[in-house]
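For reference, the chains in residue letters:
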Amino acid sequence: MTKAERTRQFIIEQSAPIFNRKGMAGTAVSDLMEATKLAKGGIYGNFESKEEIGAEAFSYLSKGLYARLESLASQDRPAPARMAALVGFYRTGSTPGGCPLLNFGMEADDTNPLIRQRVARQIEATQELFRRVLEEGKQRGEFSESLDPQSFSVKMFALIEGGIMLGCVQQDVSRLHLVLDLLEAELQTYVAS
């Protein structure tokens, strides 16, 4: 990695939590300067705009989130245990500042087509990861035939993200935990006996 590539990566890594917490509109270049200890020219010598940094920050955060989920989904355990681990992951505060899919997605839906497209792709990838584990479990007889992996993966994602939003807005993580409890209970109804 060249010095320029390392500097660019450093800016992304230092900026990502700020964008995730404050949003694109709420993040000022001065915030990025403070976090990186770089002058404005040092930042704009590596990026064309604040929006470009924000898009790269989202990619950085979402790749890290997905890697952690993929690690849980790939474990050599029965599918019900992997699904329980995926649900449990969201109990621990998955990413500082909240879920980047929710944070960036809500802000970019009408204002930033590039980030909206990146968020949409990551949502699809996450739902597909859930669906894959559910399908594997169903094929191995670990989940009942009545389970629809495609529908359940969409439902699971929507409930988790909604629970995260409730917990953040109401400043009460018990809302998220209630949603996760409900998901775990419903998953148990599909576990083959």
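Keep in mind the model is a prediction, meaning the values are calculated, not measured.

### Notes on the UniProt feature "domain: HTH tetR-type" (unreviewed entry) in the chain
- The feature "domain: HTH tetR-type" (unreviewed entry), as annotated in UniProt, sits at residues 5-65 in this numbering.
- Secondary structure over residues 5-65 splits into 84% helix and 0% strand, and the C-alpha atoms at its two ends are 22 Å apart.

### Considerations on unusual backbone geometry
- At Lys 37, a position not held by glycine, the phi torsion is positive, near 60°.
- By the secondary structure assignment, Lys 37 is in the loop between α2 (29-36) and α3 (40-44).
- Among the residues examined, Lys 37 registers a relative accessible area of 69% and is labelled exposed.
- If you check the backbone angles, Gln 171 has positive phi at about 50° while not being a glycine.
- Tracing the chain through its elements places Gln 171 in the loop between α8 (149-169) and α9 (173-190).
- Residue Gln 171 is classed as exposed on the basis of its relative accessible area, which comes to 74%.

### Examining the packing of helix α1 (residues 3-26) against helix α4 (residues 50-73)
- Look at α1 against α4: their axes get within 7 Å of each other, and the N-to-C directions meet at 95°. For the element pair α1 / α4, the angle class is roughly perpendicular. Side by side, α1 and α4 meet where Arg 8, Gln 9, Ile 11, Ile 12, Glu 13, Ser 15, Ala 16, Phe 19, Asn 20, Met 24 and Ala 25 of the first sit next to Lys 50, Glu 51, Glu 52, Ile 53, Gly 54, Glu 56, Ala 57, Tyr 60 and Leu 61 of the second.
- Of the residues contributing to the contact of α1 with α4, the split by class is 10 nonpolar, 4 polar and 6 charged.

### A closer look at the UniProt feature "DNA-binding region" (unreviewed entry) in the chain
- UniProt records the feature "DNA-binding region" (unreviewed entry) at residues 28-47, using the numbering of this structure.
- Secondary structure content for residues 28-47 is 65% helix and 0% strand, and the end C-alpha separation is 15 Å.

### Here we look at the side chain of Arg 118
- With respect to the helices, strands and loops of the structure, Arg 118 is situated in helix α7 (residues 113-139).
- The class of Arg 118 is buried, set by a relative accessible area of 18%.
- A distance of 3.0 Å separates the side chain of Arg 118 from the backbone oxygen of Ala 55, its partner in a polar contact.
- Setting aside its immediate chain neighbours within four residues, Arg 118 contacts Ala 55, Glu 56, Phe 58 and Ser 59.

### Comments concerning the state of the cysteines
- According to the stated counting rule, one finds 0 disulfides in the structure shown.
- Cys 168 supplies the cysteine sulfur nearest to Cys 99, a cysteine that is in no disulfide, at a spacing of 9.1 Å.
- Overall, the relative accessible area of 1% leaves Cys 99 in the buried class.

### Some remarks on the packing of α4 against helix α6 (residues 100-108)
- With their axes 10 Å apart at the nearest point, α4 and α6 run at an angle of 150° to one another. Accordingly, the angle class assigned to the pair α4 and α6 is roughly antiparallel. Considering the relative orientation of α4 and α6, their crossing is left-handed. Along the contact surface, α4 presents Gly 54, Phe 58, Leu 61, Ser 62 and Leu 65, while α6 presents Pro 100, Leu 101 and Phe 104.
- Here the residues of the contact of α4 with α6 sort into 6 nonpolar, 2 polar and no charged.

### Things to note about the side chain of Thr 36
- With respect to the helices and strands, the residue Thr 36 is situated in helix α2.
- For Thr 36, a relative accessible area of 4% gives the class buried.
- There is a polar contact of 2.7 Å between the side chain of Thr 36 and the backbone oxygen of Leu 32.
- At 3.2 Å, the side chain of Thr 36 and the backbone nitrogen of Leu 38 are in polar contact.

Basis of the calculations
Residues numbered from 1 in each chain as written. Predicted model: local features only at pLDDT ≥ 70, side-chain atom pairs only at ≥ 80, totals over all residues. Heavy atoms only, no water. UniProt positions renumbered as here; feature names shortened; annotations may be inferred. Helix = DSSP H or I, 4+ residues; strand = E, 2+ residues; numbered from the N terminus. Buried < 20%, exposed > 50% of the residue type's maximum accessible area, 1.4 Å probe, protein only. Axes fitted to C-alpha atoms, helices over the stretch in contact; angles between N-to-C directions. Parallel < 35°, antiparallel > 145°, perpendicular 65-115°, else oblique. Contact = heavy atoms within 4.5 Å. Nonpolar A, V, L, I, M, F, W, Y, C, P; charged D, E, K, R; others polar. Polar contact = N/O pair within 3.5 Å; in protein donor to acceptor, adjacent residues only side chain to side chain. Disulfide = S-S within 2.5 Å. Left-handed = near helix turned anticlockwise from the far one by under 90°.

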